[in-house]
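Reading the structure
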Amino acid sequence: MRQGKFITLEGIDGAGKSTQLAWIVELLQRAELQAVVTREPGGTELGERLRAVLLDKSMTMHAETEALLMFAARREHLDKVIMPALAQGQWVISDRFTDASFAYQGGGRGLDTGKLEILEHWVQGALQPDLTLYFDVPVEVGQQRVSQIKAADRFEKERGDFFQRVRAAYLDRARQFPGRIKIIDSSQSLAEVKAAVEQTLQPLLNHG
Ligand SMILES: Nc1ncnc2c1ncn2[C@@H]1O[C@H](COP(=O)(O)OP(=O)(O)O)[C@@H](O)[C@H]1O
Ligand SMILES: Cc1cn([C@H]2C[C@H](O)[C@@H](COP(=O)(O)OP(=O)(O)O)O2)c(=O)[nH]c1=O
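All residue numbers refer to positions counted from 1 along the written sequence of the respective chain. Working convention: letters from A go to chains and numbers from 1 go to ligands, in the order in which they are written. Totals for whole chains, interfaces and linings use all residues, but because this is a predicted model, local features are given only for residues with pLDDT of at least 70 and pairs of side-chain atoms are given and counted only at 80 or more. In computing side-chain properties, one takes all heavy atoms of the structure into account and sets aside hydrogens as well as water.

Let's shift gears to the overall build of the protein. Only DSSP runs of H or I covering at least 4 residues are called helices, and only runs of E covering at least 2 are called strands; the numbering of each starts at the N terminus. The helix and strand tally for the protein stands at eight helices and five strands. Written out in order from the N terminus, the α and β elements of the protein read β-α-β-α-α-β-α-α-β-α-α-β-α. The globule rule used here is 2.2 Å times the number of residues to the 0.38 power, and the radius of gyration it is set against is calculated over C-alpha atoms. Over its C-alpha atoms the protein spans a radius of gyration of 16 Å, differing by no more than 12% from the 17 Å that the globule rule assigns to 208 residues. Projecting the C-alpha coordinates of the protein onto the three principal axes gives extents of approximately 45 × 40 × 30 Å. To sort residues, take the accessible area from a 1.4 Å probe on protein chains only and compare it with the maximum for the residue type: under 20% means buried, over 50% means exposed, and anything in between is partly exposed. Taken over 208 residues, the protein has a buried fraction of 49%.

Put into structure tokens, the structure is as follows:
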């Protein structure tokens, strides 16, 4: 049985993912659909501990170590949260998934995409999200939004050119997988972004 859909949210830091996540949950509730809301890195006890290490700005690590820890957390997340929920027919909404590894570790850190593809295949086999919403904003907009709310973590303290590469890698992925990844212009007003999200989700809600 698989009626629930797997939806992932992506974007550079400050793009507005968390804000829109709340809106998506509301849309699903209105449609009387049960959803598991989760995030990466994290979503499990071990995953949250790995997240703390990965985001700790006093921690240094090799770019490949960073990628391996992201995928280790993902393996646990799939086993403990994502796969069981989908198997029960529930919807799963994850704040980030594998596209983030291609964008941050691939684009941002410059890791070989072929190595990331090997990890992707190893960890998730053929499983892919049914829909990925990529919230696109210019880097300066994302950085301005983040700086207003909290202290920077290990990724958020990176410089603008890092996020330019992350954004470019996300846009490349969206061009590569146009059926799955939908680009939402997140530089628009909150109301406009919400309307775009609702419109993009509608086909899934109708046929879910
Ligand atoms: N479309 C928007 N226009 C203006 N501000 C926004 C918009 N979307 C989100 N924000 C604000 O930007 C900040 C970062 O948003 P958030 O949803 O936490 O981003 P993310 O989860 O992608 O890092 C928050 O203060 C939020 O209220
Ligand atoms: C899932 C994932 C996240 N990340 C990074 C992107 C984010 O900067 C960070 C945490 O994501 P996020 O939860 O969006 O951070 P916040 O709660 O501060 O908005 O982890 C990667 O580098 N690779 C990955 O595979």
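Okay, the sheet that holds strand β1 (residues 6-11) next. Two strands pair under a simple rule: DSSP has to find at least two bridges between them. Reading across the sheet, the five strands line up as β2-β3-β1-β4-β5 and stay open at both edges, with parallel pairing between neighbours. Looking at the sheet topology across the chains shown, the edges are occupied by β2 (35-39) and β5 (181-185). Across the sheet, the mean angle separating the axes of adjacent strands is 20° when strand polarity is ignored. Pairing of β2 with strand β3 (residues 91-95) involves five bridges; the strand directions are parallel. Pairing of R39 across the sheet is with D95, part of β3. Seen against the sheet, helix α4 (residues 98-108) touches β1, β4 (131-136) and β5 and runs at an angle of roughly 20° to β1. Only the stretch in contact is used when a helix axis is fitted, and all axes are lines through C-alpha atoms; the angle between N-to-C directions ranges over 0 to 180 degrees. In what follows, residue pairs with any heavy atoms lying within 4.5 Å of each other are defined as contacts.

So, about the environment of L9. Mapped onto the elements, L9 comes out in strand β1. Overall, the relative accessible area of 0% leaves L9 in the buried class. On a C-alpha basis, the gap between L9 and M83 in space is 18 Å, while along the polypeptide they are 74 residues apart.

Here the focus is the pattern of salt bridges. Any two side chains of opposite charge can pair, so long as their charged atoms come close to each other. When a carboxyl oxygen of Asp or Glu lies within 4 Å of a side-chain nitrogen of Lys or Arg, that pair is called a salt bridge. Evaluated as defined, the whole model comprises 19 salt bridges. Salt-bridge contacts for D99 lead to R180; the nearest nitrogen and oxygen are separated by 2.8 Å. With a gap of 81 residues between them, D99 in helix α4 and R180 in the loop between α7 (160-176) and β5 connect regions that are remote in the sequence. Judged by its relative accessible area of 4%, D99 falls in the buried class. For R180, a relative accessible area of 11% gives the class buried.

Another aspect to go through is the site of ligand 2. The nearness test applies per residue and asks whether one of its heavy atoms lies within 4 Å of the molecule or strand. Near ligand 2 there are 17 residues, and of these D13, R96, S101, Q105 and K150 occur at the shortest range. Under this definition, polar contacts are N or O atom pairs within 3.5 Å; protein pairs additionally need one hydrogen-donor-capable and one acceptor-capable atom, and for neighbouring residues in sequence, both atoms have to be side-chain atoms. One of the side-chain N or O atoms of S101 is found 2.6 Å from an oxygen atom in ligand 2. Only the protein chains shown count as covering a residue, and every accessible area follows the Shrake-Rupley method with a 1.4 Å probe. For ligand 2, whose unbound accessible area comes to 560 Å², protein coverage reaches 92%. Listed by contribution, the elements that provide at least two residues to the shell around ligand 2 are α2 (45-55), α3 (63-87) and α4.

If you check UniProt for "binding site: ATP" (unreviewed entry), the listed places come out as G11, I12, D13, G14, A15, G16, K17 and S18 in our numbering. Along the chain, G11 turns up in strand β1. Beyond its immediate chain neighbours, meaning those up to four positions away, G11 contacts K17, R96, Y104, Y134, F135 and Y170. Take I12: it is sitting in the loop between β1 and α1 (17-30). Residue classification places I12 among the buried positions, given a relative accessible area of 1%. What I12 contacts, discounting residues up to four positions off in sequence, is R96, Y104, F135, V137, P138, V139, G142, F163, V166, R167 and Y170. UniProt positions are given in the numbering used here, feature names are shortened, and annotations may be inferred rather than shown by experiment.

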